[in-house]
Amino acid sequence: MNENVSSIIYAISFLFSLFLIGFLWWLTARYPAARRFWGWLAVAWSVNTLGSLAWGVVEMFTSLEFP
């Protein structure tokens, strides 16, 4: 696959993740009865996205490639 296409797909998926994180946190605030469920899901997705972002920064600045 072309590197530009790969970068565009990664950017779209990252933006979708940011949208989804915002939506999950909104659900957490909106529905108090299910706050625990939506809260844990929002925390998990946020940590996952932060980990992916950190991985990308490490690869960009150190030029290391992890498997």
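Our subject is the structure listed above.
Here the structure is a predicted model, which is why all the values come from computation and not from measurement.

A few words on the packing of helix α1 (residues 3–30) against helix α2 (residues 35–62). Closest axis-to-axis distance for the α1/α2 pair is 8 Å, and the angle between their directions is 155 degrees. Classed by the angle they form, the pair α1 and α2 counts as roughly antiparallel. Between α1 and α2 lies a crossing of left-handed hand. Along its contact with α1, which presents Tyr-10, Phe-14, Ser-17, Leu-20, Ile-21, Leu-24, Trp-25, Leu-27, Thr-28 and Ala-29, the element α2 presents Arg-35, Trp-38, Gly-39, Leu-41, Ala-42, Val-43, Trp-45, Ser-46, Thr-49, Ser-52 and Leu-53. Here the contact of α1 with α2 is built from residues that sort into 14 nonpolar, 6 polar and 1 charged.

Attention now goes to a nonpolar patch on the surface. On the surface, a nonpolar cluster with roughly 570 Å² of combined accessible area is contributed by Phe-16, Phe-19, Phe-23, Trp-26 and Tyr-31. Note on placement: Phe-23 falls in helix α1.

Glancing now at the environment of Thr-49. If you trace the backbone, Thr-49 turns up in helix α2. Sequence-wise, Thr-49 and Phe-61 are 12 residues apart; in three dimensions their C-alpha atoms are separated by 18 Å.

Conventions and cut-offs
Residues numbered from 1 in each chain as written. Predicted model: local features only at pLDDT ≥ 70, side-chain atom pairs only at ≥ 80, totals over all residues. Heavy atoms only, no water. Axes fitted to C-alpha atoms, helices over the stretch in contact; angles between N-to-C directions. Helix = DSSP H or I, 4+ residues; strand = E, 2+ residues; numbered from the N terminus. Parallel < 35°, antiparallel > 145°, perpendicular 65-115°, else oblique. Left-handed = near helix turned anticlockwise from the far one by under 90°. Contact = heavy atoms within 4.5 Å. Nonpolar A, V, L, I, M, F, W, Y, C, P; charged D, E, K, R; others polar. Patch = residues over 30% accessible without salt bridge, like charges linked within 9 Å, V, L, I, M, F, W, Y side chains within 5 Å. Areas by Shrake-Rupley, 256 points an atom, 1.4 Å probe, with all protein chains shown as cover. Salt bridge = Lys/Arg side-chain N within 4 Å of Asp/Glu carboxyl O.

Purely spatial values, then, with no claim about function.
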